[in-house]
Number of protein chains: 2
Amino acid sequence: MTSRTQLVASLEGLVPGASELDTDELRERHAYAAWSCLTEPGDAVAGAAIQALGAAGALDAARSGSAAPADETWVAGVRRWAPRWSGISDAFDRARTCGARLLTPADPEWPRHLDDLGVHAPRCLWVQGSPAALATGAAVALVGARAATGYGEHVAGELAAGVGGAGITVVSGGAYGIDGMAHRAALAGGGVTVAFVAGGVDRPYPAGHASLLARISEAGGAVAAEVPCGTSPTKWRFLQRNRLIAALSDATVVVEAGWRSGSLNTAGHAAALGRPLGAVPGPVTSAASAGCHRLLREYDARCVTTPDEVLELLGHEGADAEHPSDRTDDRTRLLDALSARSGRMTSDVARRAGFSEDEAQTLLGFAELDGLARRQGDRWLRGAETDRHA
Amino acid sequence: MTSRTQLVASLEGLVPGASELDTDELRERHAYAAWSCLTEPGDAVAGAAIQALGAAGALDAARSGSAAPADETWVAGVRRWAPRWSGISDAFDRARTCGARLLTPADPEWPRHLDDLGVHAPRCLWVQGSPAALATGAAVALVGARAATGYGEHVAGELAAGVGGAGITVVSGGAYGIDGMAHRAALAGGGVTVAFVAGGVDRPYPAGHASLLARISEAGGAVAAEVPCGTSPTKWRFLQRNRLIAALSDATVVVEAGWRSGSLNTAGHAAALGRPLGAVPGPVTSAASAGCHRLLREYDARCVTTPDEVLELLGHEGADAEHPSDRTDDRTRLLDALSARSGRMTSDVARRAGFSEDEAQTLLGFAELDGLARRQGDRWLRGAETDRHA
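All figures in this text were calculated on a predicted structure; none of them were measured in a lab. (Residues numbered from 1 in each chain as written. Chains lettered and ligands numbered in written order. Predicted model: local features only at pLDDT ≥ 70, side-chain atom pairs only at ≥ 80, totals over all residues. Heavy atoms only, no water.)

Enquirer: Give me the confidence of the model for chain A: which residues, what numbers.
Expert: All names here are of chain A. Here chain A averages 90 in pLDDT, while 93% of its residues score no lower than 70. Low confidence marks residues 317–328, where pLDDT is under 50. Its contacts with residues over four positions away, or in another chain, come to 16 contacts. Predicted as a complex, the structure gets a pTM of 0.77 and an ipTM equal to 0.74. (pLDDT = per-residue confidence, 0-100. Contact = heavy atoms within 4.5 Å.)

Here it is as structure tokens:
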């Protein structure tokens, strides 16, 4: 058991107002952070133990080696985590040095969206910039291939500027290509943007994006990692990082992606979490769009072509979401006279709409052709297409 | 009542073996053709009367002015058709002159797909080339904007060549742009292609496609119209023609279309008929693809990028429809050990798959992240994503 003084010293600078928290609150925050040092992202054994015992309780159990959830999985976990105990305090020091903040599920500002990951939720986030950027308001992930084309970067820029300008947080992975353009355009439009990185936040990756990541932090956004400072980005950590992008965001849009792009992994997480998924189409002749078309075909992703359509994905109505109707006045009157539930005779429809029966029958025939009206015996109902034309 | 001799003379050259048909068979065929001369496409009043009385019976009723389906709609119809009686025999003569064949619902080779249009079904088809091209085998409509881009024409060519080469009839509208390229590429690939035209088959439209339309007829395909020879193409007839393209085809694919393109009308007919609908994506920056993206978004059209994906739309498996799996061996073993219906304990999954329980739990955790496995209490089931990865 660590003393209160030790806990306050350990969290100093990482958790604002640490000295005002009670001991249990300090212990819990410290334990979450310690768990992020002991485990690889997504460690379900640790996640299950934390769910059962709390972060501090599970940490005590792991430290004492007691087989709390007495099974061999736990024992293997304890063995797996053992080599990393000694690195915890170093990780805390590094975070302090680089000015990172610690955000844990015990904090009120913790982004609750991440809890949807269950036992795979991150233990904590190490954040540069503004932790509030992670928790407040609607967020959309704009992700895509590093090997983006000029077309893809152009569209990423348009979408990020539009979405960011509408007050939606733009979430991405800080990589070259689509990610970088999404961050940059969100910033340029005065929007808030969040970058989840695969290594420690003190290790800007890719190095060429060090200044971009710094600008994100300085402009009210956040650069966040679930792994502690000093950790290098590995393939595994990139893949796991993708689940954070998907989980934090209310919707994920893949702008450009090859057939096997890592962005499809992010999209898969979004789909698994039940979050809306969008994909930007491109030329079928472009390999850089093949992954997007795959999402449209295999994942029922929604086709997204404008910022307004991204907002629609979030359930926000875009500025020109209502396209000018191409119904004629006659057709409008006709459809107004139909019900979706109770069938009406042609004569009834004619009377309601103010048509001769002849006119009504003709209009009904054409409306039927367009799926706007349907027959039920000798009665007429609104058709399935009505909403699309409304 | 027309005499048998008159009927045989009237159908001479238009219906092979006319002289061997009995009088009722002749009357019915003649009446269908006469109806096509009297009515505009899609005349539901005539359609309903024909459904009720047969083509010849309805024609007699219309000629005698008897109010068979005694209502004002019918009376208005009789008045509407009156001015055209005198043109019937001229239309038959024109058809004979240009070598057209007459195909009616009374003929065994009548394409039954068209009957799905109900009272809006065409009365007959005037055909140049091979009527058999209309009735045999699977058909796909490849349609799109006249104002196509180089990209659109390229893709139309690829799809038509691939689909035509696979023995599927390519149906289109004979227009400039996408339609023309679809016909041409189908022909170049040795495939059969059908053009539905909006005016009479003796009036090639557009004039610049006269030789293309002639080649279609000569190469085992067909150029078909529901309006009689001598009829000019009007906007109404173009729109109605679109329903024939959609109804004859087992699936409709829009290759390139502006936001208000007429191709969307064809797509709407396909959707209303319950036929599969595909759309080829393109750059979101291209106005010529805006209609396709609209179909993807608003009509649940399927995203189509290759000829194989067109075949899939028809329910045919394409050559490379099975993409190389990206599952690892471990994952394969794990999924093999899961059932979609009965939940299994981790220990059971481990035993079945030949993993340690620890390994199984870890793999299950990752599989869960990817939506390949899901929990039910402490048991595991196959996840919803499994089929996509299988």
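Read on for the rest.
Enquirer: I'd like a rundown of helix α10 (residues 235–248) of chain A, residues and numbers included.
Expert: Residue and element names in this part refer to chain A. Between its first and last C-alpha atoms α10 spans 21 Å; for 14 residues at 1.5 Å apiece the expected length is 20 Å, and the two agree. For α10, a buried count of 10 out of 14 residues is recorded, marking the element as mostly surrounded by other parts of the structure. Those residues of α10 that fall on the buried side of the exposure criterion are R237, Q240, R241, N242, R243, L244, I245, A246, A247 and L248. (Helix = DSSP H or I, 4+ residues; strand = E, 2+ residues; numbered from the N terminus. Expected span 1.5 Å × (residues − 1). Buried < 20%, exposed > 50% of the residue type's maximum accessible area, 1.4 Å probe, protein only.)

Enquirer: I'd like a description of the interface of chain B and chain A, backed by residues and values.
Expert: Listed per partner, the contact involves 54 residues of chain B and 54 residues of chain A. Between chain B and chain A, the buried area comes to about 4,600 Å², and carbon and sulfur atoms account for 54% of it. On the surface where chain B and chain A come into contact, there are 4 salt bridges. Residue A:E309 is joined to B:R297 by a salt bridge in which the shortest nitrogen-to-oxygen separation is 3.2 Å. The interface formed by chain B and chain A holds 10 residue pairs in polar contact (both at pLDDT 80 or more) in total. (Buried area = accessible area lost by both parts, 1.4 Å probe. Salt bridge = Lys/Arg side-chain N within 4 Å of Asp/Glu carboxyl O. Polar contact = N/O pair within 3.5 Å; in protein donor to acceptor, adjacent residues only side chain to side chain.)

Enquirer: Describe the state of the cysteines, listing the residues and the values that go with them.
Expert: Within this structure, the stated rule accounts for 0 disulfides over all chains. Here A:C124 is not disulfide-linked; the sulfur of A:C37 is the nearest cysteine sulfur, at 7.1 Å. A residue is classified by how much of its surface remains accessible, and A:C124, at 0% relative accessible area, is buried. No disulfide involves B:C303; its nearest neighbouring cysteine sulfur is the one of A:C303, lying 7.9 Å away. Under the relative-accessibility criterion, B:C303 is labelled buried at 1%. (Disulfide = S-S within 2.5 Å.)

Enquirer: Got a sec to walk through the pattern of salt bridges? Specific residues and values, please.
Expert: Pairs can form between side chains of opposite charge whenever their charged atoms are close. Enumeration over the complete set of coordinates arrives at 34 salt bridges over all chains. A salt bridge links A:D60 to A:R27, with the shortest nitrogen-to-oxygen separation between them at 2.5 Å. Taken together, the residues A:D60 in helix α3 (residues 44–64) and A:R27 in helix α2 (residues 23–38) connect sequence positions 33 residues apart. A relative accessible area of 17% means that A:R27 is categorised as buried. Linking B:D60 and B:R63 is a salt bridge whose minimum nitrogen-to-oxygen distance equals 3.3 Å. Of this pair, B:D60 and B:R63 both sit in helix α3 (residues 44–64), 3 residues apart, which is roughly one turn of the helix.

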